[in-house]
Amino acid sequence: MRYIVSDIHGCKKQYLELLEKINFSEQDHLYILGDVVDRGPEPIEVLRYIMDRKNVTYLLGNHDYNFYLFIKELGLNMNNFKNHEMNWAFKFWQRDGGLPTLEGFLALSEFERKEIYDFLENAKV
């Protein structure tokens, strides 16, 4: 079976409940039409769960794309973070729910950050 979902926004518990409700299996395929990150409490965890699934096609939404642009501009080691705080795009992203995504990303190792960056870079727009 094929399924389509969007706007998960970091709500891992609800996302997993949805998959359970539809009895999502390895024989099924899920298309995620963006907005996996921001707002909810576990955006990075949702993103990593999606990254581990072979039967999920992920398309970047505007929230995901803003996150990608932020880490692309800043660099994975986040050394420039303090200089970036006054940037308008950063302020807008945070007002639009980016704080949980940023906090989760900062908690990762540099290797894990690179994995996420590569995944977002290769995602379809």
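What you see is a predicted model; the values in this text were computed from it and never measured.

### A few points about the packing of helix H3 (residues 62-74) against helix H6 (residues 110-122)
Each pair of packed helices gets described by two things: the angle between the helix axes and the distance between those axes. Contact geometry of H3 with H6 gives a least axis separation of 10 Å together with a crossing angle of 125°. One finds that H3 runs oblique with respect to H6. The two elements H3 and H6 cross, and the hand of that crossing is left-handed. Along its contact with H3, which presents Phe 67, Tyr 68, Ile 71 and Lys 72, the element H6 presents Ile 116, Tyr 117, Leu 120 and Glu 121. Among the residues forming the contact of H3 with H6, the class breakdown is 6 nonpolar, no polar and 2 charged.

### Some remarks on the nonpolar core
Core analysis: the biggest nonpolar cluster contains 30 residues, and Ile 32, Val 36, Ile 50, Tyr 58, Phe 67 and Leu 120 have the highest contact counts within it. Mapped by element, the contributors of at least two residues to this core are helix H1 (12-21), strand S2 (29-32), helix H2 (43-51), strand S3 (56-58), H3, helix H5 (88-106) and H6. Take this core: its biggest share by element is 5 residues, from H3. Leaving out residues up to four positions away in the same chain, Val 36 has contacts with Ile 8, His 9, Gly 10, Pro 43, Val 46, Leu 47, Ile 50, Tyr 58 and Asp 64.

### Some details on a nonpolar patch on the surface
Side chains of Ile 4, Tyr 31 and Leu 33 sit close together on the surface and give an oily, nonpolar patch of about 290 Å² of accessible area. Within the secondary structure, Ile 4 sits in strand S1 (residues 2-5). We classify Ile 4 as exposed; its relative accessible area is 62%.

### Structural notes on the pattern of salt bridges
In this structure the tally under the stated criterion is 6 salt bridges. Of the charged contacts, one joins Glu 17 and Lys 13 as a salt bridge, the two residues approaching to 3.8 Å between their closest N and O atoms. Taken as a pair, Glu 17 and Lys 13 lie in helix H1 at a separation of 4 residues, close to a single helical turn. Judged by its relative accessible area of 44%, Glu 17 is partly exposed. Between Arg 39 and Asp 96 there is a salt bridge, and its shortest N-O distance comes to 3.0 Å. Of the two residues, Arg 39 is situated in the loop between S2 and H2 and Asp 96 in helix H5; the sequence distance between them amounts to 57 residues.

Definitions and limits used
- Residues numbered from 1 in each chain as written.
- Predicted model: local features only at pLDDT ≥ 70, side-chain atom pairs only at ≥ 80, totals over all residues.
- Heavy atoms only, no water.
- Axes fitted to C-alpha atoms, helices over the stretch in contact; angles between N-to-C directions.
- Helix = DSSP H or I, 4+ residues; strand = E, 2+ residues; numbered from the N terminus.
- Parallel < 35°, antiparallel > 145°, perpendicular 65-115°, else oblique.
- Left-handed = near helix turned anticlockwise from the far one by under 90°.
- Contact = heavy atoms within 4.5 Å.
- Nonpolar A, V, L, I, M, F, W, Y, C, P; charged D, E, K, R; others polar.
- Core = buried A, V, L, I, M, F, W, Y, C linked by side-chain atoms within 4.5 Å.
- Buried < 20%, exposed > 50% of the residue type's maximum accessible area, 1.4 Å probe, protein only.
- Patch = residues over 30% accessible without salt bridge, like charges linked within 9 Å, V, L, I, M, F, W, Y side chains within 5 Å.
- Areas by Shrake-Rupley, 256 points an atom, 1.4 Å probe, with all protein chains shown as cover.
- Salt bridge = Lys/Arg side-chain N within 4 Å of Asp/Glu carboxyl O.

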